Amino acid sequence: QVQLVDAGGGLVQAGGSLRLSCAASGRIFSNYAMGWFRQAPGKEREFVAAIRWSAGSTYYADSVKGRFTISRDNAKNTVYLQMNSLKPEDTAVYYCATKRLLWAGQAIDVSEAAYDYWGQGTQVTVSS
């Protein structure tokens with residue numbers, strides 16, 4: 001069993017920044033990816049970013065490339081999402097999730113259904 005606790009959301013003006021964190025505990029997979037998804041009211045949950053834990057390789061949705069950065073702290077089993085140049089369109093509940101990989105270099109899956117465990121979500125609101 002893996003438990004994820006995500007935090008760091010809040011209210012920020014357009015152009016501002018927030019840093020989300022997601023701490024993992026429990027039985028951690030040997031090879032896994034950690035990802036961030038978001039869901040705005042009335043919309044489907046969408047992929048934001050992910051990182052292969054061992055390799056550190058990352059993948060971003062086109063909508064956040066150049067603005068968001070996903071990173072990890074191995075010692076803390078924590079993944080972060082640094083969100084810069086925030087836009088009102090970024091307003092959503094952000095969820096961290098983890099997916100077991102068959103091997104360390106497995107292609108990152110952007111499908112929500114592919115992820116195994118989820119955090120509770122943290123609200124990000126960007127005002128115009």
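Residues numbered from 1 in each chain as written. Predicted model: local features only at pLDDT ≥ 70, side-chain atom pairs only at ≥ 80, totals over all residues. Heavy atoms only, no water.

Enquirer: So what exactly am I meant to see when it comes to the overall build of the protein here?
Expert: Helix and strand content of the protein: zero helices and 11 strands. The helix and strand sequence of the protein, counted from the amino end, reads β-β-β-β-β-β-β-β-β-β-β. In terms of C-alpha radius of gyration, the protein reaches 14 Å, essentially the compact-globule figure of 14 Å for 128 residues. By principal-axis analysis of the C-alpha atoms, the protein measures approximately 40 × 25 × 25 Å. Summarising the internal contacts of the protein: among those between residues at least 6 apart in sequence, 60% fall at separations of at least 24. Roughly 6,400 Å² of accessible area belongs to the protein as shown, and the carbon and sulfur atoms make up 47% of that amount. The averaged location of the 10 negative side-chain charges in the protein is 6 Å from the averaged location of its 13 positive side-chain charges. (Helix = DSSP H or I, 4+ residues; strand = E, 2+ residues; numbered from the N terminus. Rg over C-alpha atoms; globule rule 2.2 N^0.38 Å. Contact = heavy atoms within 4.5 Å. Areas by Shrake-Rupley, 256 points an atom, 1.4 Å probe, with all protein chains shown as cover. Lys, Arg positive; Asp, Glu negative; His and termini not counted. Charge placed at Lys NZ, Arg CZ, Asp CG, Glu CD.)

Enquirer: Before we go on, may I ask you to explain unusual backbone geometry in this structure?
Expert: As a rule of thumb, non-glycine residues mostly have phi less than zero, and peptide bonds are mostly trans rather than cis. Positive phi outside glycine occurs at Asn 77, with the angle close to 50 degrees. Residue placement: Asn 77 occurs in the loop between strand 7 (68–73) and strand 8 (78–83). Located in the positive-phi region is Ser 85, a residue other than glycine, with phi close to 50 degrees. Mapped onto the fold, Ser 85 is located in the loop between strand 8 and strand 9 (92–100).

Enquirer: Where do I start with the sheet that holds strand 1 (residues 2–7) in this structure?
Expert: Pairing between the strands of a sheet is mediated by backbone hydrogen bonds and can be parallel or antiparallel. As summarised here, the arrangement of the four strands in space is 1-3-8-7, forming an open sheet in which the pairing is antiparallel. Two strands lie at the open edges of the sheet, namely strand 1 and strand 7, each paired on one side alone. When strand polarity is set aside, the average angle formed by the axes of neighbouring strands in this sheet is 15 degrees. The pairing of strand 3 (residues 18–26) with strand 8 spans six bridges and is classified as antiparallel. Paired with Leu 20 across the strands is Leu 81, a residue of strand 8. (Pairing = 2+ DSSP bridges. Axes fitted to C-alpha atoms, helices over the stretch in contact; angles between N-to-C directions.)

Enquirer: Please explain the state of the cysteines as it appears in this structure.
Expert: The bond known as a disulfide is covalent and runs between the sulfur atoms of two cysteines. All told, the structure shown has one disulfide when counted by the stated rule. Two residues share a disulfide in this structure: Cys 22 and Cys 96, whose sulfurs sit 2.0 Å from each other. A torsion of 60 degrees about the S-S bond marks the disulfide between Cys 22 and Cys 96 as right-handed. In this pair, Cys 22 is assigned in strand 3 and Cys 96 in strand 9, connecting sequence segments 74 residues apart. The exposure classification of Cys 22 matches that of Cys 96, with both residues buried. (Disulfide = S-S within 2.5 Å. Buried < 20%, exposed > 50% of the residue type's maximum accessible area, 1.4 Å probe, protein only.)

Enquirer: So what exactly am I meant to see when it comes to the side chain of Gln 106 here?
Expert: Position of Gln 106 relative to the elements: it lies in the loop between strand 9 and strand 10 (117–118). In this structure the side chain of Gln 106 is engaged in a polar contact, spanning 2.6 Å, whose partner is the backbone nitrogen of Leu 102. When near neighbours in sequence (up to four residues on either side) are disregarded, Gln 106 contacts Arg 52, Lys 99 and Leu 101. (Polar contact = N/O pair within 3.5 Å; in protein donor to acceptor, adjacent residues only side chain to side chain.)

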